[in-house]
Amino acid sequence: MTATIPASEHPGRVEGTLMQVDHPELRGKVAVVTGAGRGMGARFSAALARRGVHVVGADIDESLMGEAASAITREHEGVDGAGDVVATGVDVRDREAQQRVAELARDRFGRLDLWINNAGVFPEAPAIEVPVSQMQATLSINVEGVLYGAQAAASVMEPGGSIINMASVAAVRVRRGRSAYCSSKAAVAHLTECLAVELGDLGVRVNAIAPGFVDTEMTRWVQDDPQALAKALDSIPLHRLGSPEEIVGPMLFLASDSARYVTGHILAVDGGSRHV
Ligand SMILES: NC(=O)c1ccc[n+]([C@@H]2O[C@H](COP(=O)([O-])OP(=O)(O)OC[C@H]3O[C@@H](n4cnc5c(N)ncnc54)[C@H](O)[C@@H]3O)[C@@H](O)[C@H]2O)c1
């Protein structure tokens, strides 16, 4: 299967065609993706649906989520065996709301196999000025959101299920002005390991992806500022940003049978930037 990475005038971005593995064993499975209204969550949902996975996409911005689901459905018109994409609203800070999403997936499609805790925020402030509201919101969305998502998923999944959390290179590398974010992603990485140990009792695997700079709205500030972009590219051994499509393959690997003995792993997909 191939994915197309659209052309861009931004330096440091990749474009062209990318080969991706089909993973036919995913066909007929059911996934929840949080923060699926745009960015990586939307591309994960599209890639899963293209492989015959039914997806519940959940986002705090319901209209964005509805548009993303319709766009994926249009993209797959005529694709044999493509999965359905259902849009719903969720605020991942709300434990009961995440539980309702898990039940929606089970009631609509009869099972739940994969849950991607992808929703996240990336606020900025110098460390000594981080307001209480920013710290609380960041920990609540990025960390509590992952815990409540895992709880909801585990309550509905059968053994063999898989949870994927979105950590970040920022879990192990300092980003100036992003102390709330960096500390939240360090927590996500360790929470992934804690969950892997306990959910192993249920036969559920828990892993994380730790991307570097990926070309989404979240990193628009880097792409639109030549100085920030040059600095970012300097910190990436592969000298370019990642495309969301380049995070899809690692996500599919962790979701697939190829990774059925992999749990508690933090998979860096960062062009090598964790070493710089
Ligand atoms: N883009 C990057 O360079 C990068 C790098 C490392 C890690 N990540 C992580 O990957 C994930 C996806 O990043 P992205 O770049 O696609 O982000 P994005 O900003 O493009 O999309 C995030 C989505 O999450 C949703 N969201 C925010 N708060 C929410 C809440 N409380 N409840 C439900 N949904 C909510 C937003 O509406 C949005 O649709 C995030 O966890 C992010 O921290 C991104």
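Definitions and limits used
The residue numbers shown here count from 1 along each chain, following its written sequence. Only residues with pLDDT of at least 70 get local features here, since the model is predicted, and only at 80 or more are side-chain atom pairs given and counted; chain-wide, interface and lining totals rely on the full set of residues. Heavy atoms from the whole structure form the basis of all side-chain values; hydrogens and water molecules are not counted. The nearness test applies per residue and asks whether one of its heavy atoms lies within 4 Å of the molecule or strand. Side-chain atoms alone can form a polar contact between residues adjacent in sequence; in general such a contact is a pair of N or O atoms within 3.5 Å, and within protein one must be able to donate a hydrogen while the other accepts it. Accessibility throughout is a Shrake-Rupley quantity obtained with a 1.4 Å probe, and a residue counts as covered only by protein chains that appear here. The helix and strand labels rest on DSSP assignments: H or I over at least four residues marks a helix, E over at least two residues marks a strand, and numbering proceeds from the N terminus. Each residue is assigned to one of three groups, with Ala, Val, Leu, Ile, Met, Phe, Trp, Tyr, Cys and Pro labelled nonpolar, Asp, Glu, Lys and Arg labelled charged, and all others, Gly among them, labelled polar. To estimate how far a helix should reach, multiply one less than its number of residues by 1.5 Å. Only protein chains enter the area calculation, which uses a 1.4 Å probe; residues under 20% of their type maximum are buried, those over 50% are exposed, and those in between are partly exposed. Here a residue-residue contact requires only that any non-hydrogen atoms of the pair lie within 4.5 Å. Lines fitted to C-alpha atoms define the axes, with helix axes restricted to the stretch in contact, and inter-axis angles between N-to-C directions lie between 0 and 180 degrees. Angular relationships are summarised with four words: roughly parallel below 35 degrees, roughly antiparallel beyond 145, roughly perpendicular across 65 to 115, and oblique for the angles in between. Handedness of a crossing follows from how the near helix is turned relative to the far one, being left-handed for an anticlockwise turn of less than a right angle and right-handed for a clockwise one. Classification of ring pairs uses Phe, Tyr and Trp, with its six-membered ring standing for Trp, and accepts pairs whose centres are within 6.5 Å; under 30 degrees between planes counts as stacked, over 60 as edge-to-face, and the remaining range as tilted. By definition, two strands form a pair when at least two bridges between them are found by DSSP. Orient the strands so they point away from the viewer; a crossover is then right-handed if the path from the first strand over the helix to the second runs clockwise.

Residues in close proximity to the ligand total 28 residues, the closest being Arg38, Asp59, Tyr181, Val214 and Thr216. Backbone polar atom of Val92 to a nitrogen atom of the ligand: 3.1 Å apart, as the coordinates give it. Summarising the interface, the protein chains cover 95% of the accessible area of the ligand, which totals 840 Å² for the free molecule. Breaking the shell around the ligand down by element, the ones donating at least two residues are helix H1 (39-50) and helix H5 (179-199). The residue makeup of the shell around the ligand, split by class, is 15 nonpolar, 9 polar and 4 charged.

The terminal C-alpha atoms of H5, which comprises 21 residues, lie 29 Å apart, in line with the 30 Å expected from a rise of 1.5 Å per residue. If you check which residues of H5 are buried, you get Ala180, Tyr181, Cys182, Ser184, Lys185, Val188, Ala189, Leu191, Thr192, Leu195, Ala196 and Leu199. Here the buried face of H5 lies against helix H4 (132-156), strand S7 (162-166), strand S8 (205-211) and strand S9 (266-269).

This paragraph deals with the packing of H4 against H5. The N-to-C vectors of H4 and H5 enclose an angle of 20 degrees; their axes lie 9 Å apart at closest approach. Classified by the interaxial angle, the pair formed by H4 and H5 is roughly parallel. For the pair H4 and H5, the sense of crossing is right-handed. Where H4 abuts H5, its residues Gln134, Met135, Thr138, Leu139, Asn142, Val143, Val146, Leu147, Ala150 and Ala154 lie against Ala180, Tyr181, Ser183, Ser184, Lys185, Ala187, Val188, Leu191, Leu195 and Leu199. For the contact of H4 with H5, the class distribution of residues is 14 nonpolar, 5 polar and 1 charged.

All right, on to unusual backbone geometry then. Phi angles above zero are rare outside glycine, and His23 is one such case at about 50 degrees. Structurally, His23 can be placed in the loop between strand S2 (16-19) and strand S3 (30-34). Its identity is not glycine, yet His239 carries a phi of approximately 60 degrees, on the positive side. Among the structural elements, His239 can be located in the loop between helix H7 (226-234) and helix H8 (245-255).

For any pair of aromatic rings, geometry is given as the distance between the ring centres together with the angle between the planes. Going through the model one piece at a time under the given rule, you end up with 3 aromatic pairs. Look at Phe122 and Tyr181: their rings are 4.5 Å apart centre to centre, the planes differ by 80 degrees, and that puts the pair in the edge-to-face class. Here the residue Phe122 occupies a position in the loop between strand S6 (114-117) and H4, and Tyr181 occupies one in helix H5, the gap between them amounting to 59 residues. Both residues of the pair, Phe122 and Tyr181, count as buried.

Compared with an ideal rise of 1.5 Å per residue, which puts 12 residues at 16 Å, H1 spans 17 Å between its outermost C-alpha atoms and is within 8% of the ideal. Looking only at H1, the buried set comprises Met40, Gly41, Ala42, Phe44, Ser45, Ala46, Ala47, Leu48 and Ala49. Gly52 sits one or two residues past H1 and shows a positive phi near 90 degrees.

This part covers the pairing of S3. Buried residues dominate S3, accounting for 5 of its 5 residues. Judged by which residues are buried, S3 turns out to be covered on both faces: Val30, Val32 and Thr34 on one side and Ala31 and Val33 on the other are all buried. Examined bridge by bridge, S3 and strand S4 (residues 54-59) share 5 bridges and lie parallel to one another. Within the sheet, the bridge partner assigned to Val32 lies in S4 and is Val56. Each parallel crossover has a hand, and for S3 linked through H1 to S4 it is right-handed.

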